[in-house]
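If you want the building blocks of each chain, they are given just below.
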Amino acid sequence: MFTRLFLVLTLSTHAAGPAELLKEIETLESATFSSEKEARHFENEGIVALWDQLLTAPRGKRIDLLASLPFNSLTLGKVEREFPQDLNIQVAQLTAGGSTLTPLEWKFWLAPFQKNGLEITHTDWHHEAFERTPEGRARSRVRFAIHLMRGNDTDRTEIKAIAKVLWKEDGEKITVDQIEIVSAWLARRIGPKAFTPVAVIKGQSSKKDERDDMGAVSVFDLNGDQLPEVILGNANRILWNKGGMNFDAQPLIPEGGEIQSSVVGLVGDFNSDGHLDWLCDSEKAMLMLYLGNAEGEFATIPKRIPLKIPFTVPSCITAGDIDRDGDLDLFLGQWRSLYEKMPDPFWNANDGHGNTLLLNDGKGNFTNATAASGLQKKRYRRTYSASFIDLDQDQDLDLAVVSDFYGLDVFLNDGSGKFADATSSLIDNPHAFGMSHTMADFNRDGQTDFFMLGMGSTTARRLEEMKAHPDRLPEAKKMRALMGHGNRFYLGNEKGRFVEPAMARTVARTGWSWGSTSFDFDNDGDQDIYVGNGHISGKTTRDYCSNFWCRDIYLLPGKKPLLISNYLDTLPKMQTQSWDGYQVNALLINQQGRGFTSMSPMLDVGFDFDTRRVISADLDLDGRPDLLVGRMESTSGFLHQGAAETSPPTLYILQNTLPEASQRNWIGVTLQGDCNGAVIELTTAAQKQRSVIVSGDSFMCQHPAQKHFGLGQENKVISLKITWPDGKSKLIEAPQINTYHQIR
């Protein structure tokens, strides 16, 4: 979900005032959300005030700010247990019942931290619950995180804790009376950087009233040397990979050619001539196909692919041979802004701009087959990602579609390109604000598992604890908790059935999540996950989210866009406030298939800017998968001010320099030719893993046709089996380890 169409902003002065809507809001909040309205007041005056101070203060002054926090008493936690984790990370768990400090004692307690050179690099504070005690006192439960660094940022500490806060009220003035830490988790790692920036590529901020990003990002080996290139469609650049993390930036389309401002793009052989082509969207609301040559270069003038439904808000492209005729067919997904048209209902929206299935004739000519293929009924999902993949292992490509305001739909292919909706029979719980997906064999059972990224909402959970449900929209009583749950993690089987295991809770709440990737960054033999987070990080951390859950979903469906625009203009601080902003990206470390632990600050990838695009690839072929992370242009707030000073959109290329990963074994495969949907199966004495080449995963990105498997201390592989989309297979017995095998 983004903000709103900025055309609406320019026209808003011509719409009637929203007096009637504001009256409806007042009635609804008085009847149902009075406790939440009070919670917002305490959040803004108490929690946001502290967070904003810490956000704007220099790193070296932030401990001083915490030391001067006004309160009457603060009860710390006590250490319950300490234990080491892999990668030289030390962890301690704390419970309630530690020492109680006065403000002066608190200052003395903090003094050694500053004396030893510790600096706060990040904090975040979330208002999980609010209530009145039997005595009428206001009490909150606050979840917070603090990241600290010292020693040239090679000594890292992360504190995650939950505190009970008892407030003191003096008229409208709110101060903290008592703080009690009820649980906490501390981690520390001393050592060299796990990921080191090697390239920082800045894009353009050219749209006055709209946040820019890097546009289409594709990572793919264009010239057959196994080194993946990086294509930046919106910036019109190819970073030719020269090895050793050295890149030569050249125009994607040379001067004099037809250059597109593309949001999504895909590399593939779309005209069956054996050369890789570049397919992307355009501002002309159609697809553009740039045919390639043997050197990996693209034509300067594209072949136009018109669509019956214009590509208005493109969100994803996935390719695969769905009818087994030997060429790449396409599925195109589109999203729709909620403030252009409020989804109705917010848990099952089918009112978007329209997705499209295109059949290829083998020469790069495409025919719309959406209705004929059986995809018409759910065509108007507000889709963000989609992939062709053989879910039920019957040698044809099925379709998984992830959509905002619904979640996950799956469609099984009958082998001829005709699809049947199998969502209800194959998916445990499909609901989420679906943002992206990544697939891997996370529990090493030889089956493909599925991780869908969503929006984990603290506000929705707070409302659930309050039991605050209006009489209108009765189904929302059930669906609010399901939709605000966050991410969905499913383990798969050979029939395409996906079940949420108990360990799904360990990855459910990473924030407002966007791009994602699966990779064994530490080479320990299981697939880890990296997640990009953060929606709108404005000048203040004051948050819009309560408005969405208490007003928008109930009162805005059916309202005209201009009325919605004028309503938004009546809200305070809209040009500067956030919506789930300053969230830290998550590096979820797989614990041998039994669950995940989030450790991004410990491993130097805990960025708190608004991330969208995420890709992993072994760019230097050293057996340690690297990361590409794309940040949005910074913003003034919810209503982006074009005149505000902002940082441009940026792509960070991060080299994996983790020492432990270089001390462990691995094996890799790079595929050439039509490999969309190809399956790679690894067998060793200790494990069996399955990996699939797909497109349309993550968020508006393309991963390369490269698969990497960490082996830990295993020094032999029994076999690698590659099964191509046409059913042909190749078995490599006892393959050499610590190298990539190029398969054509």
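Figured I'd write up the structure that's included with this text.

### Re the overall build of the chain
Across its full length, the chain carries 11 helices and 45 strands. Relative to a compact globule of 744 residues, whose C-alpha radius of gyration would be 27 Å, the chain shows 26 Å and is just as compact. C-alpha extents for the chain along the principal axes are approximately 75 × 65 × 50 Å. Out of the 744 residues in the chain, the part that is buried amounts to 62%. Long-range contacts, defined as pairs at least 24 residues apart, comprise 66% of the intrachain contacts of the chain with a sequence gap of at least 6.

### A word on the nonpolar core
Membership of the largest hydrophobic core comes to 112 residues, with the highest contact counts inside it found for L287, L330, Y339, Y544, F548, W549 and W579. The greatest single-element share of this core, amounting to seven residues, is contributed by helix 9 (residues 545-555). Discounting residues that sit within four places of it in the chain, Y544 has contacts with Y339, D552, Y567, L568, L571, M574, Q577, S578, W579 and F638. Membership of the second largest hydrophobic core comes to 33 residues, among which are L222, C280, M288 and I667.

### Some points on the sheet that holds strand 28 (residues 449-453)
Taken together, four strands build an open sheet; the order of strands is 27-28-29-30 and the sheet is antiparallel. Pairing within the sheet leaves two strands with one partner each, and these edge strands are strand 27 (436-440) and strand 30 (498-499). In terms of strand pairing, strand 27 meets strand 28 through five bridges, oriented antiparallel. Bridge pairing in strand 28 places H437 opposite M452.

### Let's talk about the environment of I259
Tracing the backbone through its elements, the reader meets I259 in the loop between strand 13 (246-251) and strand 14 (265-268). Since its relative accessible area comes to 44%, I259 is described here as partly exposed. Between the C-alpha atoms of I259 and T300, which are 41 residues apart in sequence, the distance is 8.1 Å. If near-sequence neighbours (up to four positions away) are discounted, I259 is found in contact with N236, I253 and Y290.

### Some points on unusual backbone geometry
Residue D344 is joined to P345 through a cis peptide bond whose omega torsion reads 0 degrees. Among the secondary structure elements, P345 is positioned in the loop between strand 19 (329-334) and strand 20 (356-360). One non-glycine residue with positive phi stands out, namely A285, at about 60 degrees. Exposure remark for A285: the relative accessible area of 26% places this residue in the partly exposed category. The phi dihedral of R444 falls on the positive side, at around 55 degrees, and the residue is not glycine. With respect to the helices, strands and loops of the structure, R444 is situated in the loop between strand 27 and strand 28.

### Here we look at the sheet that holds strand 36 (residues 626-631)
Sheet architecture is open: four strands sit in the order 9-37-36-35, paired in antiparallel fashion. Bordering the open sheet on either side are strand 9 (195-202) and strand 35 (611-617), each of which pairs with just one other strand. Each neighbouring strand pair of the sheet contributes to a mean axis angle of 20 degrees, computed without reference to strand direction. Pairing geometry for strand 35 and strand 36, over six bridges, is antiparallel. Pairing of I615 across the sheet is with L628, part of strand 36.

### Some remarks on the packing of helix 3 (residues 34-56) against helix 7 (residues 458-466)
Where helix 3 contacts helix 7, the axes come no closer than 10 Å and their chain directions differ by 135 degrees. The orientation of helix 3 with respect to helix 7, classified from their angle, is oblique. Note on packing geometry: the crossing formed by helix 3 with helix 7 is right-handed. In contact with S35, E36, A39 and E43 of helix 3, helix 7 contributes T459, R462, L463 and M466. In the contact of helix 3 with helix 7, the residues fall into three nonpolar, two polar and three charged.

### Side note on the packing of aromatic side chains
To describe a pair of aromatic rings, one takes the distance between the centres and the angle between the planes. Tallied over the full model, the rule gives 38 aromatic pairs. A centroid spacing of 5.1 Å and a plane angle of 15 degrees characterise the contact between F607 and F609, whose relative ring orientation is stacked. Comparing F607 with F609 shows no difference in burial state: the two are buried. Positioned above the aromatic ring of W185 is the side chain of K160, whose terminal nitrogen or guanidinium carbon lies 4.4 Å from the ring centre. If you follow R612 out to its NZ or CZ, it ends over the ring of W514, 3.9 Å from the centre.

### Describing helix 3
If you check helix 3, its first and last C-alpha atoms are 32 Å apart, about what 23 residues at 1.5 Å a residue would give, namely 33 Å. The largest bend along helix 3 measures about 40 degrees and falls at V48.

### As for helix 5 (residues 103-115)
With 13 residues, helix 5 should reach 18 Å at 1.5 Å per residue; the first-to-last C-alpha distance of 19 Å fits that figure. One or two positions beyond helix 5, positive phi appears at G117, with a value near 85 degrees.

### Notes on the side chain of Q689
Within the secondary structure, Q689 is located in strand 40 (residues 688-692). A relative accessible area of 1% means that Q689 is categorised as buried. Looking at Q689, its side chain comes within polar contact range of the side chain of Q687, at 2.6 Å. The residues touching Q689, leaving out its near neighbours within four places in the chain, are D441, R444, G525, Q527, I680, E681, L682, F709 and G710.

### Structural notes on the environment of Q334
Examined against the element boundaries, Q334 turns out to sit in strand 19. Q334 sits in the buried class, given a relative accessible area of 0%. Separated by 313 residues in sequence, Q334 and L21 place their C-alpha atoms 30 Å apart.

What counts as what
Residues numbered from 1 in each chain as written. Predicted model: local features only at pLDDT ≥ 70, side-chain atom pairs only at ≥ 80, totals over all residues. Heavy atoms only, no water. Helix = DSSP H or I, 4+ residues; strand = E, 2+ residues; numbered from the N terminus. Rg over C-alpha atoms; globule rule 2.2 N^0.38 Å. Buried < 20%, exposed > 50% of the residue type's maximum accessible area, 1.4 Å probe, protein only. Contact = heavy atoms within 4.5 Å. Core = buried A, V, L, I, M, F, W, Y, C linked by side-chain atoms within 4.5 Å. Pairing = 2+ DSSP bridges. Axes fitted to C-alpha atoms, helices over the stretch in contact; angles between N-to-C directions. Parallel < 35°, antiparallel > 145°, perpendicular 65-115°, else oblique. Left-handed = near helix turned anticlockwise from the far one by under 90°. Nonpolar A, V, L, I, M, F, W, Y, C, P; charged D, E, K, R; others polar. Phe/Tyr/Trp six-rings, centres within 6.5 Å; stacked < 30°, edge-to-face > 60°. Lys NZ or Arg CZ within 6 Å of the ring centre and 35° of its normal. Expected span 1.5 Å × (residues − 1). Bend = angle between axes of the 7 residues up to and from the residue. Polar contact = N/O pair within 3.5 Å; in protein donor to acceptor, adjacent residues only side chain to side chain.

These figures come from the coordinates and say nothing about function on their own.
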